[in-house]
Amino acid sequence: MDILSWFQNNIIEIFGSVTGIIYVFLEIRQNKLLWPVGIVTSGVYIWVFLTSKFYADMSLQVYYLVISLLGWYWWSKPEKAGGNSKKEKSNELHVSRLRLKQAIYTVLVFVLLYGIMWVILSNFTDSPVPEWDSFLTSLSIIATWMLARKIYEHWFIWIVVNSASAVIFFTRGLFPTVILYFVYAVMSVVGLFEWKKSLKHTDPQ
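Every value quoted in this text rests on a predicted model; they were computed, and no experiment measured them. (Residues numbered from 1 in each chain as written. Predicted model: local features only at pLDDT ≥ 70, side-chain atom pairs only at ≥ 80, totals over all residues. Heavy atoms only, no water.)

Looking at the protein chain as a whole, the pLDDT averages 83, with 87% of positions reaching at least 70. Under a pLDDT of 50 for its full length, residues 81-88 has, in the predicted model, five contacts with residues more than four places off or in other chains. Note that pLDDT drops below 50 for residues 201-205; the model gives that stretch seven contacts with residues more than four away or on any other chain. (pLDDT = per-residue confidence, 0-100. Contact = heavy atoms within 4.5 Å.)

Before going further, it helps to examine a nonpolar patch on the surface. On the surface, Ile11, Ile12, Trp47 and Leu50 cluster together to form a nonpolar patch covering roughly 380 Å² of accessible area. Contributing elements (two or more residues each) for the nonpolar patch: α2 (11-28) and α3 (34-51). (Patch = residues over 30% accessible without salt bridge, like charges linked within 9 Å, V, L, I, M, F, W, Y side chains within 5 Å. Areas by Shrake-Rupley, 256 points an atom, 1.4 Å probe, with all protein chains shown as cover. Salt bridge = Lys/Arg side-chain N within 4 Å of Asp/Glu carboxyl O. Helix = DSSP H or I, 4+ residues; strand = E, 2+ residues; numbered from the N terminus.)

Counting through the fold element by element, Phe49 comes out in helix α3. Taking relative accessible area as the criterion, Phe49 reaches 0% and is therefore assigned buried. (Buried < 20%, exposed > 50% of the residue type's maximum accessible area, 1.4 Å probe, protein only.)

What the rule picks out here adds up to two salt bridges. For Glu153, the salt bridge goes to Arg97, with nearest N and O atoms at 2.6 Å. One end of the pair, Glu153, is in the loop between α6 (130-148) and α7 (154-171); the other, Arg97, is in the loop between β2 (89-90) and α5 (100-124), with 56 residues separating them in the sequence. By relative accessible area, Arg97 is classed as partly exposed at 33%. The partner of Lys197 in a salt bridge is Glu194, and the shortest N-O contact between them spans 3.2 Å. One end of the pair is Lys197 and the other is Glu194, both in helix α8 (residues 175-197) and three residues apart, which spans about a single turn.

Where α2 contacts α3, the axes come no closer than 9 Å and their chain directions differ by 150 degrees. The orientation of α2 relative to α3 falls into the category roughly antiparallel. The interaxial crossing formed by α2 with α3 has left-handed handedness. The segment α2 lies against α3, with Ile12, Glu13, Phe15, Gly16, Ser17, Thr19, Gly20, Ile22, Tyr23, Leu26 and Glu27 engaging Leu34, Trp35, Val37, Gly38, Val40, Thr41, Val44, Tyr45, Trp47 and Val48. (Axes fitted to C-alpha atoms, helices over the stretch in contact; angles between N-to-C directions. Parallel < 35°, antiparallel > 145°, perpendicular 65-115°, else oblique. Left-handed = near helix turned anticlockwise from the far one by under 90°.)

Right under this line is the structure:
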């Protein structure tokens, strides 16, 4: 009976965990349906994180809603083909490597986001872990943008974020979400190897 009550009390979080796992599976498969599934998952977790006082993570879900629309568009928009291809455009965005200039910009954006979020969460909210909340949220913003652009290295960031998040959420008693992020971490490793198979053979510039 206690298990049934727990299930009923956590049904929204459990639903979000299931759709989140489906999302990462579709991400690994490079399936465009990951974006509408991501929109549903983000909507669920806006509520979960709001009630758990993870305000930066809640704001991150709003960002996910926006970037999901952009990612859906970018993944669906024909890409100009390079090299000696006979076609002017390919049917989809290809997996690519992170370029040096992109890497520099992402590091700068991360530092800026982290600093701003830490100050806000430390001084204007009752977040229990403002430093970790800010750190993981900033990394997630970068990784999601990289995913929307199909940049291979985003998987390395997700491995760090998902592993650390599982520990943090465990301390807050969000057990369905702990399971979700543990599965995320494992699937991120799988995604790292799967996307490597489809990398375009071009050098970062």
